[in-house]
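A closer look at the structure
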Amino acid sequence: DVKVTQSSRYLVKRTGEKVFLECVQDMDHENMFWYRQDPGLGLRLIYFSYDVKMKEKGDIPEGYSVSREKKERFSLILESASTNQTSMYLCASTRLMLDTQYFGPGTRLTVL
Amino acid sequence: TQLLEQSPQFLSIQEGENLTVYCNSSSVFSSLQWYRQEPGEGPVLLVTVVTGGEVKKLKRLTFQFGDARKDSSLHITAAQPGDTGLYLCAGRGSQGNLIFGKGTKLSVKP
């Protein structure tokens, strides 16, 4: 079974802090994605990566950056967290771009 | 911009009732997926439909892709409390990325 894990289920941070969200997949997938999910807005793509050290902006990249130094790990970075970044963050991976996306359990981030 | 509209946004029904959830767009999609998400978990893929007019069944769930590949529906027969969750449709965008609808939150009461 594909397993996508996220470093924290719940996270509380203060405005201005630097926040790292980690995602690890164990199926040697090329593609990894970061989404945020908000009530009434659905899932929105922040960034995705199709290979190590490669990244592409999604629909809402502002205020975020990403890092993919190893194939299995994709990190989302909030350089200076703000209250409007309070959200559920979901990571997903897939072997080929058009394959099924497998999601992690999500990290619920609260920025105070 | 390709958008997917889901309706209804919320649905609360009694166990044993039937229901249909709709996913509509003005754009054509090469494929459409349905996911179910339980509280505190990530979405899990239920089905992918690819051909216009395609119907797929998964136990009590019936998925249909519109002939023009612009819309899809999910029908649940004799809903059970275990069907409770957020149902998301997602279409394959022109760049290969997934475009998600906003979801239908289903609550099935015993």
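Presented here is a report on the structure given in the accompanying data block.

Thresholds applied
- Residues numbered from 1 in each chain as written.
- Chains lettered and ligands numbered in written order.
- Predicted model: local features only at pLDDT ≥ 70, side-chain atom pairs only at ≥ 80, totals over all residues.
- Heavy atoms only, no water.
- Helix = DSSP H or I, 4+ residues; strand = E, 2+ residues; numbered from the N terminus.
- Buried < 20%, exposed > 50% of the residue type's maximum accessible area, 1.4 Å probe, protein only.
- Contact = heavy atoms within 4.5 Å.
- Areas by Shrake-Rupley, 256 points an atom, 1.4 Å probe, with all protein chains shown as cover.
- Lys, Arg positive; Asp, Glu negative; His and termini not counted.
- Charge placed at Lys NZ, Arg CZ, Asp CG, Glu CD.
- Disulfide = S-S within 2.5 Å.
- Phe/Tyr/Trp six-rings, centres within 6.5 Å; stacked < 30°, edge-to-face > 60°.

**Side note on the overall build of chain A**
For chain A, the count of helices and strands is 0 helices and 11 strands. Of the regular secondary structure in chain A, the N- to C-terminal order runs β-β-β-β-β-β-β-β-β-β-β. Overall size of chain A, expressed as C-alpha extent along the three principal axes, is 35 × 25 × 25 Å. For chain A, the proportion of its 112 residues judged to be buried stands at 48%. For chain A, the proportion of contacts with a sequence separation of at least 24, taken over those separated by at least 6, is 55%. Total accessible area on chain A stands at roughly 5600 Å², and carbon and sulfur atoms take up 50% of it. Of the charged side chains in chain A, 16 are positive and 15 negative; the average position of the first set lies 5 Å away from that of the second.

**Focus on the state of the cysteines**
Inspection of the entire model under this criterion finds 2 disulfides over all chains. At a sulfur-sulfur separation of 1.8 Å, the disulfide partner of Cys23 of chain A is Cys91 of chain A. Since a negative S-S torsion denotes a left-handed disulfide, the Cys23 of chain A-Cys91 of chain A link at about -75 degrees is left-handed. Residue Cys23 of chain A is found in strand β3 (residues 19–25), and its partner Cys91 of chain A is found in strand β9 (residues 87–94); the two are separated by 68 residues along the sequence. As far as the burial class goes, Cys23 of chain A and Cys91 of chain A line up, both buried. What pairs with Cys23 of chain B in a disulfide is Cys89 of chain B, and their sulfur atoms sit 2.0 Å apart. Judged by the sign of its S-S torsion, about 75 degrees, the cystine formed by Cys23 of chain B and Cys89 of chain B is right-handed. Of this pair, Cys23 of chain B sits in strand β3 (residues 19–24) while Cys89 of chain B is found in strand β9 (residues 85–92), placing the two residues 66 residues apart along the sequence. Since its relative accessible area comes to 0%, Cys89 of chain B is described here as buried.

**A few points about the packing of aromatic side chains**
A full pass over the atoms with the stated rule returns 9 aromatic pairs over all chains. Seen from their ring centres, Tyr35 of chain A and Phe100 of chain B are 5.5 Å apart, and the 85 degrees between their planes marks the pair as edge-to-face. Taken together, the positions of Tyr35 of chain A in strand β4 (residues 31–38) and Phe100 of chain B in strand β10 (residues 98–100) put the pair across two chains. Aromatic pair Phe103 of chain A and Tyr35 of chain B: ring centres 5.7 Å apart, planes at 90 degrees, arrangement edge-to-face. One end of the pair, Phe103 of chain A, is in strand β10 (residues 102–103); the other, Tyr35 of chain B, is in strand β4 (residues 32–37), on a second chain. With a relative accessible area of 12%, Phe103 of chain A lands in the buried category. Classification of Tyr35 of chain B by relative accessible area gives buried; the value is 0%. An aromatic cluster is defined as three or more aromatic residues linked by ring pairs; in this entry it consists of Phe33, Tyr35, Phe48 and Phe103 of chain A together with Tyr35 and Phe100 of chain B.

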